[in-house]
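Structural characterization, general
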Amino acid sequence: MRKRFLFIFLFLSLHFSAQVLSENQKLESLCRVWGFLKYYHPHVAKGNLNWDQQLFKKINELEGINNKEALNDVYSRWIESLGKVNECTECLQETDKTYFLKNFDLNWIDNSNIFTRATSQKLHYIENNRGIGNNHYLGKGGRKIFFRNENSYGSKFSSKQISLLELFRYWNYVEYFFPYKYETDQNWNDVLTEMIPKFLNINNDQDYQLTLAELVTKTDDSHAFLFSPLISLHLYGNRKLPVEYSYAEGKLVITKINDTRFHERTPFNIGDVIYDINGKTIPQMVNSLGKYIPASNSWGKVNKVKSKLLFSNSDSLSVKLERNGQNMEIIAKTYFVKDIIIKKVPESQKWKFLDDEKKIGYVHMGILAKDDVSEMYRNLKSAESIIFDLRNYPKLTIIPLSELLLPQSTTYYQFNFPETNYPGKFYSRKNNIGRKNPDYYKGNVIVLVDENTQSQAETTTMMFKQHPKSKVIGSNTSGANGDIIKFKIADLDTCFTGLGAYYPDGRETQRIGIIPDILVKPTAEGLKNSKDEVLERALLYIKNKN
């Protein structure tokens, strides 16, 4: 009996000491260790080593390893080869910063299924004695960071090692510097687990860029994008129907017919309501393309996809539509964009009165410039109500407007900034706007918003909300706020939100958007009849209030 017990004990001891690891487990751990050392290890952070080549070497080394002990031997020797890490007294100093820690996660270091206690201790030692100050791979300008000194390997597929490098590079960008990592639909750790096999299976340029686009989409951020002509051609095409349209209720309402250089008659009428394209409903098309289109929410996804829905690689599209109560199917010719003639639309007025009595002012925030603000206010300040249309992107007018409209300085937003001396942590700072102003505007401030109200437009909306007689009317805003970080991945332009933005009490706007006081969404019927239902609701509110 004792011999049998001893045999079982020895068997289990050997089993656990040589714990078998999967390919995914090894590569996940490598991604984390490589990214951590890149931003934390003092010698690596100084740019003393070719860090990409170090990764390629380790990828090759891991191919011949299949257990925990051997893996940790590789990591231990690697860490030792990077040079001695001196104790960092500055790392221990207390700070008066208020830290935001929802993104901070180094718990993987203590995963005993992957790392030995000795390896975990070495990594924690580096964390506690990390590089402070200048980082070869990270710069800071004003309140924003930027990535730098990254090698480019082009946008074409060349090897599995380079594909993994781009995955690991991007994953760690998000891991340490994306303020809303904690809000993604899929846990960011699970994203790594899912995407490694996909990157290993890439074998051509198209799959490479599509897989990169899928990775970027995992941020669930309307600021994010991946600019790729190859993807655009594959997903959308380079020909389109010569019409313009608006979206409502899962349908496209044609608002304008464009001519072509061939002057051929198009079979569409203004007011046609398209509900099916090549056998797919509009929501089905949005869902199929959504895998590669990053957005903060469903309405943001629609907003980013809708402009591409009438594109195709073929010379025609089959379209089902409703016209005057009748459903019909039309096979319509598509054209290259260069062959479509778009007449220039007369420029809108920056501001105007909407009534003869001059009681209701209107401001188009998308074209109002900073230098126009004083003149606009002189013209409209006598109005009982001013409607600020923010269904667009404003031109840095928030500060001069706040100084004229608000009665006093007020906290209107809280921002979270990346802590470059402790990557993964963010620190919070509340922002004030306006000034003490007894002559502030005493009338009604009405703000029109929708899914186009994004980033700076959302911040501007929050400023308007500090007015004592403000009312926000429309639909939820984009839900993507905070300055963006622009960079390249696989030599393709991309970006994501760089700062966290919150209400003064810490409530979130990312992915949710600013919720209007009065909810109004355009309808297909309203668009058919050229109605601006959001503006109409604002006018009704003013009428009832007075």
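My aim in this report is to walk through the structure given alongside it, one point at a time. Bear in mind that the values here come from a model prediction, so they are computed numbers and not experimental data.

What counts, and at which threshold
- Residues numbered from 1 in each chain as written.
- Predicted model: local features only at pLDDT ≥ 70, side-chain atom pairs only at ≥ 80, totals over all residues.
- Heavy atoms only, no water.
- Pairing = 2+ DSSP bridges.
- Helix = DSSP H or I, 4+ residues; strand = E, 2+ residues; numbered from the N terminus.
- Phe/Tyr/Trp six-rings, centres within 6.5 Å; stacked < 30°, edge-to-face > 60°.
- Buried < 20%, exposed > 50% of the residue type's maximum accessible area, 1.4 Å probe, protein only.
- Lys NZ or Arg CZ within 6 Å of the ring centre and 35° of its normal.
- Disulfide = S-S within 2.5 Å.
- Salt bridge = Lys/Arg side-chain N within 4 Å of Asp/Glu carboxyl O.
- Core = buried A, V, L, I, M, F, W, Y, C linked by side-chain atoms within 4.5 Å.
- Contact = heavy atoms within 4.5 Å.

A closer look at the sheet that holds strand β23 (residues 484-489)
Adjacent strands of a sheet form backbone hydrogen bonds with each other and so pair up, either parallel or antiparallel. Reading across the sheet, the 3 strands line up as β4-β24-β23 and stay open at both edges, with antiparallel pairing between neighbours. Looking along the sheet, the strands with just one partner apiece sit at the ends: β4 (225-226) and β23. Sheet analysis places β4 next to strand β24 (residues 492-497), joined by 2 bridges and oriented antiparallel. Opposite F225, over in β24, you have C495 as the bridge partner.

Re the packing of aromatic side chains
Scanning the model with the defined rule gives 35 aromatic pairs in all. Both rings, one in F415 and one in F417, keep their centres 6.5 Å apart while their planes meet at 45 degrees; by these two values the pair is tilted. Neither residue differs from the other here; F415 and F417 are each classed as buried. We note K333 situated over the ring of F262; from NZ or CZ to the ring centre the distance is 5.5 Å. Its guanidinium or amino end placed over the ring of Y99, K425 lies 5.4 Å from that ring's centre, counting from NZ or CZ.

Some points on the state of the cysteines
This structure, assessed with the given rule, holds 1 disulfide. The disulfide bridge from C88 ends at C91, spanning 2.3 Å between sulfur atoms. Torsion about the S-S bond of the C88 and C91 cystine: about 85 degrees, corresponding to right-handed handedness. The same class applies to C88 and to C91, which are both buried.

A word on the pattern of salt bridges
Between side chains of opposite charge, a pair can form when the charged atoms approach closely. By the definition in use, this model includes 33 salt bridges. Ionic pairing is found between R169 and E150, a salt bridge with its closest N-O pair at 3.5 Å. You can see R169 sitting in helix α7 (residues 160-177) and its partner E150 sitting in the loop between β3 (144-147) and α7, a full 19 residues away along the chain. Of the residues examined, R169 reaches a relative accessible area of 4% and is grouped as buried. Shared partners join several salt bridges into a network, and the residues in it are K38, D52, E150, E166 and R169.

As for the nonpolar core
Among the nonpolar cores identified, the biggest contains 111 residues, and F36, F168, F388, F464 and F496 are the most heavily contacted of them. The leading source of residues in this core is α7, at 11 residues. The residues touching F168, leaving out its near neighbours within four places in the chain, are L27, L30, C31, W34, L55, L192 and I196. Counting 24 residues, the second-largest nonpolar core is a separate cluster that includes V243, I274, V305 and L310.

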